[in-house]
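For reference, the chains in residue letters:
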Amino acid sequence: MRDIRNIVILTGAGVSAESGVATFRGPDGLWEGHRVEDVATPEAFVRDPALVQSFYDARRAKLGTVGPNGAHRALARLDSEWPGELLIVTQNVDDLHERAGARRVLHMHGELKSAWCLACDGRIPWEQTLADGPTCSACGERGLLRPDIVWFGEIPYRMDEIDAALQRADLFVSIGTSGAVYPAAGFVQTARYLGARTLEMNLEPSQGSVFFDESRIGRAGELVPAWVDEMLGGTKVR
Ligand code: APR
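What counts and what doesn't
Residues numbered from 1 in each chain as written. Predicted model: local features only at pLDDT ≥ 70, side-chain atom pairs only at ≥ 80, totals over all residues. Heavy atoms only, no water. UniProt positions renumbered as here; feature names shortened; annotations may be inferred. Domains from an automatic or database assignment. Contact = heavy atoms within 4.5 Å. Buried area = accessible area lost by both parts, 1.4 Å probe. Salt bridge = Lys/Arg side-chain N within 4 Å of Asp/Glu carboxyl O. Helix = DSSP H or I, 4+ residues; strand = E, 2+ residues; numbered from the N terminus. Axes fitted to C-alpha atoms, helices over the stretch in contact; angles between N-to-C directions. Parallel < 35°, antiparallel > 145°, perpendicular 65-115°, else oblique. Left-handed = near helix turned anticlockwise from the far one by under 90°. Nonpolar A, V, L, I, M, F, W, Y, C, P; charged D, E, K, R; others polar. 1 Å grid on protein atoms, 1.4 Å probe; cavity = no way out; pocket = protein on both sides within 12 Å on 5 of 7 lines; lining within 4 Å. Points joined across faces, edges and corners; volume = space filled by probe spheres on them. Polar contact = N/O pair within 3.5 Å; in protein donor to acceptor, adjacent residues only side chain to side chain. Buried < 20%, exposed > 50% of the residue type's maximum accessible area, 1.4 Å probe, protein only.

The chain has the name NAD-dependent protein deacylase in an unreviewed UniProt entry, where Allosphingosinicella humi is given as its organism. Taken directly from UniProt, the Subcellular location (unreviewed entry) text for the chain runs: "Cytoplasm".

And the structure:
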């Protein structure tokens, strides 16, 4: 077994569930009462922009009512104390990793607190609503801002950086993701093929569970702090 120096951590909706943020694939198959195709595709935005904007406005507003949980805080501690390379690749569009203090975070599916101007192609920090068609602070165009979210059918952000980190990883850890959505769902296979150890922590075995050397089943708020203690205490992942 290689010594562990470089770590890539993939997080999904399950890491924010204990903060009160809804996961995408609930038992009813709906995301906050909507089919994913009705709110998270470019086609949905063309068909009914008001619905899509209001949906994300509500998600953005909800961020103000939730806070990081023990899993976010533990990962932030690992980020600040781990001497090797570390990258938290999150599929989440909330800002709870950052609010817990993590710095080495990459949002591959975009961020609620960012808007994308379809006039000037700029991305601007955004805290307010978009449904009312506000003006882009970069170019002055009105009504052409959309959520800076990667929808189904769109290409995730910063894939080159993610790929480079996976190439160097000694350990790949997946937390709170169902493994249903590619390309993120395929990271474990890349990392494993390149020789990294692989560990998942999830409430249930993910769809790619077979690709992990180890699966820890339970709540992220309990499993992640214990794992971070192991890592910083010098115990290697089996
Ligand atoms: N602790 C650990 N895991 C949990 C917890 C918890 N407290 N609560 C739920 N989970 C697990 C669920 O069992 C599920 O396997 O988290 C996973 C969440 O899966 P999804 O809802 O599918 O979310 P995610 O994998 O992040 O979705 C990926 O799909 O809709 C798109 O772009 C969206 O980024 C999202 C992507």
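A. Here's a closer look at the domain arrangement of the chain. Taken as a whole, the chain is organised into domain 1 (1-21 + 68-109 + 156-237) and domain 2 (23-65 + 111-149). Here domain 1 and domain 2 have C-alpha centroids that lie 26 Å from each other. Contact with domain 1, which involves 16 residues of that partner, is made by twelve residues of domain 2. Summed over both partners, the interface of domain 1 with domain 2 buries about 1,100 Å², with 55% contributed by carbon and sulfur atoms. The interface formed by domain 1 and domain 2 includes one salt bridge. Across the pair Lys 113 and Asp 95 runs a salt bridge, and its minimum N-O distance is 3.0 Å. When contributions to the side of domain 1 that touches domain 2 are tallied by element, the ones reaching two or more residues are helix H1 (14-17) and helix H6 (96-100).

B. Representation of the packing of helix H5 (residues 70-81) against helix H9 (residues 220-233). Across the interface, H5 lies against H9 with an axial gap of 7 Å and an inter-helix angle of 20°. The angle between the axes of H5 and H9 places the two elements in the roughly parallel class. In this structure, the crossing between H5 and H9 has a hand that is left-handed. Residues Gly 70, Ala 71, Ala 74, Leu 75, Arg 77, Leu 78 and Glu 81 of H5 lie in contact with H9, whose contacting residues are Ala 220, Gly 221, Val 224, Pro 225, Trp 227, Val 228, Asp 229, Met 231 and Leu 232. Looking at the contact of H5 with H9 residue by residue, the classes come out as eleven nonpolar, two polar and three charged.

C. Expanded view of the layout of surface pockets. Empty space within the largest pocket amounts to approximately 870 Å³. The set of elements that each furnish at least two residues to the lining of the largest pocket consists of H1 and strand S8 (197-202). Classifying every residue of the lining of the largest pocket by side-chain character gives 21 nonpolar, 15 polar and five charged. Two domains each donate at least three residues to the lining of the largest pocket, and these are domain 1 (1-21 + 68-109 + 156-237) and domain 2 (23-65 + 111-149). The set of elements that each furnish at least two residues to the lining of the second largest pocket consists of helix H4 (49-63) and strand S6 (145-149).

D. Quick peek at the side chain of Arg 146. Residue position: Arg 146 is located in strand S6. Within the structure, Arg 146 has its side chain in polar contact with the backbone oxygen of Ile 149 (distance 2.6 Å). Residues within four places of Arg 146 in sequence aside, it is in contact with Phe 45, Gln 53, Ala 115, Trp 116, Leu 118, Leu 130, Trp 151 and Glu 154.

E. Molecular detail of the pattern of salt bridges. The full count for this structure, using the stated rule, is 20 salt bridges. Note that Asp 95 and Arg 99 form a salt bridge whose closest N and O atoms lie 3.0 Å from each other. Overall, the relative accessible area of 12% leaves Asp 95 in the buried class. With its nearest N and O atoms 3.0 Å apart, the salt bridge here joins Glu 230 to Arg 216. Of this pair, Glu 230 sits in helix H9 while Arg 216 is found in strand S9 (residues 214-217), placing the two residues 14 residues apart along the sequence. A relative accessible area of 22% places Glu 230 in the partly exposed class. What emerges from the salt-bridge pattern is a single network uniting Arg 35, Glu 37, Asp 38 and Arg 47.

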